[in-house]
Amino acid sequence: MIVMMEHVKEETDAESFNIKEETDGESFTVKEETDSESFTIKEETDAESFTITAENTEEQKGTDQWRLEVKYLEMKENSVLSLQNYPFASRSDEEKIRIKELGPDQPNLNIQQQSSDRGRPYTRSFSRTTYGKRNWLAGCDVSHAFYCFPCLLFQSPGTETLWTTKGFRDLKHLSERCKRHESSRSHLENAMKLQFFGKLSIAEQLDEGYRIGIKRHNEEVTKNRHILSRIIDCVKFCGAFELALHGHDGSSDNPGIFRGLVDFVASLDGVLKEQLENAAVFKGTLETMQNELLDCMLSVVREHIIQEAQTSAFLSIQVDETIDIATQLVLVLRYIDAKSNVQERFFAFIPLNSTTADSIATALKEHLEVILPEDQKSKLISQAYDGSSALRGVQRKIQDVYPNAHYIHCYAHQLDQIVQQATSYIPKVRIFFSDLEGFASFFTRSTKRTDVLDKVVARRLPTSSGVRWNHSLPIDIVFEHREDLIRCFETIRDSSGFDPVSIRESVALAMLLEDQDFTFLLQLFHKIMPHVDLFYAKLQKKDIDSVHIKGSIEQFQLDIQNVRNSFHSLVDQSSEGGSRPKRRRSLNPEGVAAEVCDAILKHTKERFFFTNHLVSATLLQADRFAEYTNVFPEDAVSKTLKAYPVLCGSKLKTELSLIYHKEEFRSCCGAVDLLRLFMENSLEEVFSETVTLLKILITTPMTTGEAERCFSTLKRIKTFLRNNVTQERLNALAMLSMEKRLVTEINDFNQKVIEKFASLKERANFLFK
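Each chain carries its own residue numbering, running from 1 in the written order of its sequence. For a predicted model such as this one, the threshold for reporting local features is a pLDDT of at least 70, and the threshold for listing and counting side-chain atom pairs is 80 or more; totals across whole chains, interfaces and linings nevertheless cover every residue. No hydrogens and no water enter the side-chain calculation; it runs on all heavy atoms of the structure.

*Asks:* For the overall build of the protein, give the residues involved together with the corresponding values.
*Replies:* A count of helical and extended segments in the protein gives 32 helices and 16 strands. Taken across its 769 residues, the protein has 47% of its residues classed as buried. By definition, residues are in contact when any of their heavy atoms lie within 4.5 Å. Residue pairs at least 24 apart in sequence account for 65% of intrachain contacts in the protein once pairs closer than 6 positions are excluded. For every accessible area listed, the method is Shrake-Rupley and the probe measures 1.4 Å; residues are considered covered only by the protein chains on display. Within the structure as shown, the protein displays about 38,900 Å² of accessible surface, and the carbon and sulfur contribution to it stands at 49%. Each helix corresponds to a stretch of at least 4 residues labelled H or I by DSSP, and each strand to a stretch of at least 2 residues labelled E; elements are numbered beginning at the N terminus. Exposed residues in this analysis have more than 50% of their type's maximum accessible area, buried residues have under 20%, and partly exposed residues fall in between, with area computed by a 1.4 Å probe over protein chains only.

Now the structure itself:
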């Protein structure tokens, strides 16, 4: 506020005034701090503090009129001004405890002192390191002086007013005066009072009975924690091996694996057995405490994962969906940890009320808000999905909130679609795979047929997988054991122990194995599928990166092209006569082989064409470094900088140019190898932008393989007998199974779980005094 003060009366000297505002009659006492233009003002009515600036305008010179600008000061509870105006002794217990927890206020001070050394003048200035030398020092940014925090609070008899009222400003003698003050009796007494404030008195602590009670309590807590740690170990064991914690019906005859495991451990540990039988805290609570322990274990692991994710440079998410009793999402986090290792961590199964894009996006954003705080949203650089219809449109809604989260369509899923498309639109090929499934179906429907298969072929035929398109193993078995399978079908045909349906189907399957068209297609896909499997296996690796995948795609295309070029020899091999007559060929083998290979090559080129942000992978392909020494990839760099604005373009170009010309870097296989080379040789600062780009490429997931593996775990955990398990319990059991290695690596995991468990209901039996 700005007021006109007309009556200024000097009370004692030029530093103290009494001012009365005429407008409302308020009265102030003013003390001049430095000169005639700056004051500290105290309102007498309620003792609030202000800062005022006095200005004597041209018109007011020679008069008693001053223009005062008054600014209210917002005081901290632990500030010097607050403690001077509102004494510590008059405050409530809650305020006192809060002030003790806050400690001394240590603001920056405006202190400058002119000194000289051997005739050379210099200026001493305030430094924040002064506070670090003595933890009892407090400062005031109004008087710009040092004070003693314990003495301000308690002010025992004999306390120096210099350290509580006036403040100390002499920087030259500060160290000397501090040593003298902290050696004084009053300071020691005040400091002791501060340390013991809020605790039991010394007399109570020294009381023999009290100490004995504390000792007994802590001994009991130690025992209880020991027992609880053993119970946690049993829960971890069951979780790691996906074993049910409850029995079938909860009866004493079938108490379940968990209770049986606890009883077994107790039989080997007398202390555990005695505590379980006698300690009231454990009586009848083994089943009831399971959910609480699982919640605490889940919380500890999630907190560790969140901490790792927040300290990593970048983060990606993998999302997939499955239909359990209800539709669920799985959320997997991918990042590079502090040891430069790629981590893919299961985070949660997320139940959905509906499968709309809005519902899925909302559920994902709720979890991402927990993982990434507001100032780390730029860390999310990619989001990978399997391309299902339910997940379409989600990526755009996520990118609206996390603008750097580029979309990745799972490459393993795309490879499945490539093979499906290449084999489904050619009628003869589609019929071939339908016939191939008939072999496994024939044997799985009858144990008698399977018994003959085991005796003659000694190899089972696998059924097709529901997770992915996979006929590689059946093709290999039928191709390698074709003659044995024919004998197996003939045995069934000639046996009197089989029904007419078995005999009829065995004859048909034997004729199929002698058909030239079938044997040609069997041989063709026996050549193609190993390359598909090899590529698929590479895509499933956790440490795969876009640079490595780019090279793997090119190798896959080359392998399929080689198969296409060799189909003349395939035709000749399938046409060779054998001991058994062949049915006449009805298809054009050369045309079919060329059509299949061309379809695979065409779809591979279309689906795996690196565009937009993925073009950055081409910058670090070691087999292209020699090419880049002649023609620098300007276009790819420009697209990379547009996709990832965190990169510094000029420095990245300089670093890449140097890398391209160095032979040492050309032997690296993929981004992971190149990053390890930089980290092991401490080159992360020299090639800072390249290292950042490498971390982006490595953190970007090219598949959702880990998410699919999570669903496999879900199916094992949520069996028919456990289909009513709660969502949090399901998440906890899944976490203990999928992240069992992490659980063993977390320091003091059991103790952290116990601390959370004890704090849930303030369990004093688990808390030390």
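*Asks:* Which residues make up the packing of helix H15 (residues 427-444) against helix H20 (residues 516-539), and what are the values?
*Replies:* A packed helix pair is summarised by two numbers, namely the angle formed by the two axes and the spacing between the axes. Each axis is a line fitted through C-alpha atoms, taken for helices only over the stretch in contact, and angles between the N-to-C directions span 0 to 180 degrees. The geometry of H15 relative to H20 is characterised by a closest axis approach of 10 Å and an angle of 90° between their N-to-C directions. As the angle between them shows, H15 and H20 are arranged roughly perpendicular. Residue-level inspection shows Lys428, Val429, Phe432, Phe433, Asp435, Leu436 and Phe439 of H15 in contact with H20, the latter providing Asp517, Phe518, Leu521, Leu522 and Phe525. In terms of residue class, the contact of H15 with H20 is built from 9 nonpolar, no polar and 3 charged. In this scheme, roughly parallel covers angles under 35 degrees and roughly antiparallel covers those over 145, while 65 to 115 is roughly perpendicular and the rest are oblique. For this scheme, ten residues count as nonpolar: Ala, Val, Leu, Ile, Met, Phe, Trp, Tyr, Cys and Pro. Four count as charged, namely Asp, Glu, Lys and Arg, and the remainder, Gly too, count as polar.

*Asks:* Could you give an account of unusual backbone geometry, with specific residues and numbers?
*Replies:* With phi around 50°, histidine 144 is a residue other than glycine that occupies positive phi space. Tracing the backbone shows histidine 144 in the loop between strand E10 (137-140) and strand E11 (145-148).

*Asks:* Account for the nonpolar core, naming residues and giving values.
*Replies:* Definition of nonpolar core: a set of buried residues of the types Ala, Val, Leu, Ile, Met, Phe, Trp, Tyr and Cys, connected through side-chain atoms within 4.5 Å. By size, the foremost hydrophobic cluster in this structure holds 73 residues, and its most contacted members are Leu331, Leu333, Leu364, Ile371, Leu380 and Phe749. Residue contributions to this core peak at 11 residues, all from helix H11 (residues 288-311). Residues contacting phenylalanine 749, with those up to four places away along its chain left out, are Ile232, Lys236, Met297, Val300, Val301 and Val743. If you look at the next biggest cluster of nonpolar residues, it comprises 63 residues, including Tyr411, Leu415, Leu522 and Phe535.

*Asks:* Pulling in residues and values, what's your account of the pairing of E11?
*Replies:* Side chains Ala145 and Tyr147 project from E11 onto one buried face, and the interleaved Phe146 and Cys148 project onto a second face that is buried too. For two strands to be treated as a pair, DSSP must find at least two bridges joining them. Pairing analysis gives 4 bridges linking E10 to E11, with the strands arranged antiparallel. Considered in E11, the bridge of alanine 138 is made with tyrosine 147. Where E10 folds back on E11, the antiparallel hairpin that results is connected by 4 residues, among which histidine 144 adopts a positive phi of roughly 50°.

*Asks:* So what's going on with helix H25 (residues 634-643)? Residues and values would help.
*Replies:* The α-helix winds at 3.6 residues per turn, so residues separated by three or four positions along the chain end up facing the same way. Within H25, the full set of buried residues consists of Ala636, Val637, Thr640 and Ala643. An end-on view of H25 places all buried positions within 125° of arc, on one side of the element. Every exposed residue of H25 that faces more than 90 degrees away from the buried side is listed here: Asp635 and Lys642. On its buried side, H25 packs onto strand E16 (406-409), helix H26 (649-661) and helix H28 (688-699). Summarising the geometry, the arc corresponds to the directions from the helix axis toward the C-beta atoms.

*Asks:* Please set out helix H32 (residues 749-760) residue by residue, giving values where relevant.
*Replies:* With 12 residues, H32 extends 17 Å from end C-alpha to end C-alpha; this agrees with the ideal 16 Å at 1.5 Å per step. Of the residues making up H32, those classed as buried are Phe749, Asn750, Val753, Ile754, Phe757 and Ala758. Projected down its long axis, H32 shows its buried positions confined to an angular sector of 160°, all on one face. By this rule the span expected of a helix is its residue count minus one, scaled by 1.5 Å.

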